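Okay, here's what each chain looks like letter by letter:
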Amino acid sequence: MRCLVVEDEPEIRADLARALEAAGFTVDAVGDGESAWFQGDVEDYDVAVLDLGLPRLDGLSVLRRWRTAGRAFPVIVVSARGDWTEKVEGIEAGADDYLAKPFQMGELVARVRGVVRRGAGRLSPTLVAGRLRLDTVRMTATFDGAPVRISPLEFRLLDHLAHQAGRAVSAGELAEHLYGVDGSGDANAIEAIVARLRRKFGNDLIRTRRGFGYLLEGE
Ligand code: CA
């Protein structure tokens, strides 16, 4: 799951990125509205956390531009003023949730997971793909009901495939989802993770569709 964090305070931005990465998200973080608008327009995010008071372009304008351009990913608006007019404006501009500063990181992470889940049309935090079940809160996996120990990167790869509902996903797209725009991931790294997952779950869980990419059994 890829998350865009937009926050101009460097310390809060770093805290947000750390908390969301610990929760299993691949995070890109930017500090001004122009970069946010650009990044959200060209990259493929699953969710964004958007501060309203930003240099160069304010958060509400960023959100309106994304929505006008048809960018539909869920957005949680964060604002320093717990001002209800701002909350209403945010919702009217297309925000999915609103959080006033200061907030607890745990609450923010729970809200982010909530909007991602609702955005994907799921009410339960468990993803099922054939014999695989992923618990998206605990970041754990079971196969035929038995727990299988997996690393955060392995979890993110399975989580992304499980969200794609039968679509084959290229190694390049997986690398972006696992490592972010600035990440060092490439197709070879993805192949290595897939090979590791096949050793743990057997060869049939992740199928290779030649020329297209990877997909999960049972989709
Ligand atoms: Ca701000």
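Residues numbered from 1 in each chain as written. Predicted model: local features only at pLDDT ≥ 70, side-chain atom pairs only at ≥ 80, totals over all residues. Heavy atoms only, no water.

(A) How the structure looks around the sheet that holds strand E2 (residues 26–30). Here five strands make up an open sheet; going across it, the order is E2-E1-E3-E4-E5 and the pairing parallel. At either margin of the open sheet sits one strand with a lone partner, and together these are E2 and strand E5 (97–100). Going across the sheet, the axis of each strand differs from the next one's by a mean of 15 degrees, ignoring polarity. Taken strand by strand, helix H1 (residues 10–22) contacts strand E1 (2–6), E2 and strand E3 (47–51), and its axis lies near 170 degrees from that of E2. (Pairing = 2+ DSSP bridges. Helix = DSSP H or I, 4+ residues; strand = E, 2+ residues; numbered from the N terminus. Axes fitted to C-alpha atoms, helices over the stretch in contact; angles between N-to-C directions. Contact = heavy atoms within 4.5 Å.)

(B) Spatial organisation of the sheet that holds strand E6 (residues 126–129). Ordered by their spatial adjacency, four strands build an open sheet running E6-E7-E8-E9, and the pairing between neighbours is antiparallel. Edge positions in the sheet fall to E6 and strand E9 (146–148), since each has one partner strand and no second. Averaged over all pairs of adjacent strands, the angle between strand axes in this sheet comes to 25 degrees, irrespective of strand direction. Running at roughly 110 degrees to strand E7 (residues 132–135), helix H6 (residues 152–162) makes contact with E6, E7 and strand E8 (140–143) of the sheet.

(C) Expanded view of the domain arrangement of the chain. Each assigned domain of the chain is listed here: domain 1 (2–119) and domain 2 (126–216). Taking only C-alpha atoms into account, the centre of domain 1 sits 26 Å from that of domain 2. Opposite the 14 residues of domain 1 that make contact, domain 2 presents 10 residues. Surface buried jointly by domain 1 and domain 2 totals about 990 Å² across both partners, of which 45% is contributed by carbon and sulfur atoms. Summed over the three residues of domain 1 that lose the most area to domain 2, namely Arg2, Thr26 and Arg113, the buried surface amounts to 46% of that side. Here domain 1 is connected to domain 2 by one salt bridge. At the boundary of domain 1 and domain 2, one finds five residue pairs in polar contact (both at pLDDT 80 or more). (Domains from an automatic or database assignment. Buried area = accessible area lost by both parts, 1.4 Å probe. Salt bridge = Lys/Arg side-chain N within 4 Å of Asp/Glu carboxyl O. Polar contact = N/O pair within 3.5 Å; in protein donor to acceptor, adjacent residues only side chain to side chain.)

(D) Layout of the environment of Ala141. The topology assignment puts Ala141 in strand E8. Residues Ala141 and Glu154 lie 13 residues apart in sequence; the distance between their C-alpha atoms is 9.9 Å. Every residue in contact with Ala141, bar those within four places of it in the chain, is listed here: Leu132, Arg133, Leu134, Ala146, Pro147, Val148, Ile150 and Phe201.

(E) Here's a closer look at the pattern of salt bridges. Inspection of the entire model under this criterion finds 15 salt bridges. Salt-bridge contacts for Asp28 lead to Arg2; the nearest nitrogen and oxygen are separated by 3.0 Å. Placement of Asp28 in strand E2 and of Arg2 in strand E1 is noted, with a sequence separation of 26 residues between them. Linking Asp144 and Arg131 is a salt bridge whose minimum nitrogen-to-oxygen distance equals 3.0 Å. Here Asp144 is found in the loop between E8 and E9, whereas its partner Arg131 is found in the loop between E6 and E7, with 13 residues between them in sequence. Sharing partners across several salt bridges, the network here consists of Arg2, Asp28, Glu43 and Glu176.

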